[in-house]
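# Analysis of the macromolecular model
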Amino acid sequence: MKRAFIKSYGCQMNVYDATRMADQLTASGYEMTDKADGADLILLNTCHIREKAAEKVYSELGRLKGEGGLIGVAGCVAQAEGEEIIRRQPRVDFVVGPQAYHRLPALIAAAEKGQSPVETDLSDDKFQSLAAPQRRAVTARGVTAFLTVQEGCDKFCAFCVVPYTRGAEVSRPVADIVAEARQLAEAGVREITLLGQNVNAFNGADGGGRASLAGLLAQLAEIDGLARLRFTTSHPNDMSEDLIAAHRDEAKLMPYLHLPVQAGSDRVLKAMNRKHTADAYRELIARIRKARPDIALSGDFIVGFPGETDADFEATMALVEDIGYASAYSFKYSPRPGTPAATRTDQVPEAIMSERLQRLQALLTTQQKAFNRACVGRTMPVLIEKPGKHAGQWVGRSPYLQPVHIPEGAGSVGDIVEVAVHAAEGNSLFAEPAGRRVAA
Ligand code: SAH
Ligand code: SF4
Ligand code: F3S
């Protein structure tokens, strides 16, 4: 049997896509391996979001040059650079963009004949044609899973490549998502994270009508065995009332929300084309917290967007102070080819970006530690995921997505156990069973 190796970079959607590509390859006679060494097919599933992410691909391709098998480039660099990839690294046999994964078998067949196909068509609905998830592979993937429900973005933030690499917003039909979620639950999955570039803009066909993300969550909550639901990533402008209410009313929806704001200055938000103010975000967070007071908030931030002044940056710091994040991701602005912000003449010098990023990250780390410390002394349900680093230890997740270390005797993988948190260290919590098993 021929062996295929997939290496993914970037966001969770690439992780999910890798599982669907693996199913596609398995259906056409490949066996998956976790080693590039000796593989008949090596597929790099790439990310184009920042310059560093894109450059990684070329250094990896340089390293892989000596390998004997076919080499394919998938993901967002494939979409953004297309044929340029083969020009820069002729060792590459084929290129496939994120909306064309159903064409993998045909592309591989062409590459085997010595052609160098490049497929970056964005117009197909790949989900209609992809091989169905394979039960055996699903079982091997553990008790948590990603499930893409929406793909693409119509927002066109001035810094971002995603609308160009993933195409226009498309929501999958509710029935397909429910069927896939059922299959995951039957294979032992207890927690599903619904994915979309703008997941809260979900608007999927449902019978004769359409369902919102809140409507979809309500249907998924009915599935036996599925204990926890999450979703990511959301845009503040699509945070509808029914979704906020779901955080109050839907017991299976976990109290964690990743809601990127990017910056705290209205001038910068406008230049970024975010279409909301910092105060609108503050008010939105207040409404979400009213619905679910203990919700853990997470966000993304960009420092050094072109034209960002010291005062603009201080407005970001002030916003972070006001909100109080449980976790967050922050980045230096990276000019991306083809995006409006990249050609601006007021780029912020690297040294200033570094200094701002350091200050922001210090504040975010302080907030994360405070959030974790506030959990000490509380009891909470933990989904046991896998063995921990040390013998005799499990690691699981709290409702707030923190890793929690507990003694092995507390239960088995897939159990949700009530634990008492006794310590917080680094990003993790440490806990003992509180005695009572919540769900088998
Ligand atoms: N809504 C998307 C966001 C994808 S990009 C999602 O589904 O995840 C993830 C984050 O990368 C963004 O929120 C933004 O903070 C950051 N980012 C995007 N483009 C960037 C750029 N050009 N430079 C630096 N960071 C960027
Ligand atoms: Fe990019 Fe903005 Fe779309 Fe998120 S909402 S994917 S940051 S364009
Ligand atoms: Fe990267 Fe594409 Fe995801 S650019 S962040 S892999 S959508």
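What comes next concerns the included structure. (Residues numbered from 1 in each chain as written. Chains lettered and ligands numbered in written order. Predicted model: local features only at pLDDT ≥ 70, side-chain atom pairs only at ≥ 80, totals over all residues. Heavy atoms only, no water.)

### What to know about the pairing of strand β10 (residues 191–195)
For the record, the criterion: Categorising residues by exposure relies on relative accessible area from a 1.4 Å probe, with only protein chains included: less than 20% of the type maximum marks a residue as buried, more than 50% marks it as exposed, and the intermediate range marks it as partly exposed. To qualify as a helix, a DSSP run of H or I must reach at least 4 residues; to qualify as a strand, a run of E must reach at least 2; elements of each kind are numbered from the N terminus. Pairing between strands requires that DSSP locate at least two bridges from one strand to the other.
When you tally the buried positions in β10, you get 5 out of 5 residues, the bulk of the element. Burial along β10 is two-sided: Glu191, Thr193 and Leu195 and Ile192 and Leu194, pointing in opposite directions, are all buried. In the sheet, strand β7 (residues 144–148) pairs with β10 via 5 bridges, with the strands oriented parallel. The partner of Thr144 across the bridge, within β10, is Glu191. Where β10 lies against strand β13 (residues 228–232), 5 bridges are found, and the strand directions are parallel.

### Digging into the pairing of strand β18 (residues 393–397)
Among the 5 residues in β18, 4 count as buried, and that is most of the element. Two strands pair when backbone bridges link them, and strand β17 (residues 379–387) and β18 are joined in this way by 4 bridges, in the antiparallel orientation. For Leu383, the partnering residue across the bridge sits in β18 and is Arg397. Here β17 folds back onto β18 in antiparallel fashion, the turn holding 5 residues, of which Gly392 has a positive phi close to 75°.

### Here we look at the sheet that holds strand β3 (residues 41–46)
Note the cut-off: Contacts between residues were defined by any pair of non-hydrogen atoms, one from each residue, lying within 4.5 Å. Note on geometry: axes are C-alpha line fits, over the in-contact stretch for helices, and angles between N-to-C directions span 0 to 180 degrees.
The parallel open sheet is built from 6 strands, whose spatial order is β2-β1-β3-β4-β5-β6. The sheet is open, and its two edges are formed by β2 (30–32) and β6 (118–119), each paired on a single side. In the sheet, strand β1 (residues 2–8) pairs with β2 via 3 bridges, with the strands oriented parallel. What sits directly across from Lys2, in β2, is Tyr30. Running over the sheet, helix α2 (residues 51–64) touches β1, β3 and β4 (70–74) and is turned about 170° from β3. Each of β1, β2, β3, β4, β5 (94–96) and β6 touches helix α5 (residues 104–112); the most contacted strand, β5, lies at about 165° to it.

### Topic: the site of ligand 2
Stated formally: When at least one non-hydrogen atom of a residue lies within 4 Å of a molecule or strand, that residue is treated as near it. The nonpolar class holds Ala, Val, Leu, Ile, Met, Phe, Trp, Tyr, Cys and Pro. Asp, Glu, Lys and Arg form the charged class, and all remaining residues, Gly among them, are polar.
Looking at ligand 2, the residues that line it are Cys153, Lys155, Phe156, Cys157, Phe159, Cys160, Val162, Pro163, Asn198, His235 and Arg274. The class makeup of the residues in the shell around ligand 2 is 7 nonpolar, 2 polar and 2 charged.

### A look at the sheet that holds β7
Spatial ordering of the open sheet is given by β7-β10-β13, a layout of 3 strands whose pairing is parallel. Two strands bound the open sheet, and with one partner strand each, they are β7 and β13. Pairs of neighbouring strands in the sheet enclose a mean axial angle of 25°, with direction left out of account. Each of β7, β10 and β13 is contacted by helix α1 (residues 12–27), which is oriented at about 95° to β7, the strand it contacts most. Contacting β7 and β10, helix α9 (residues 174–186) runs over the sheet at an angle of about 165° to β7.

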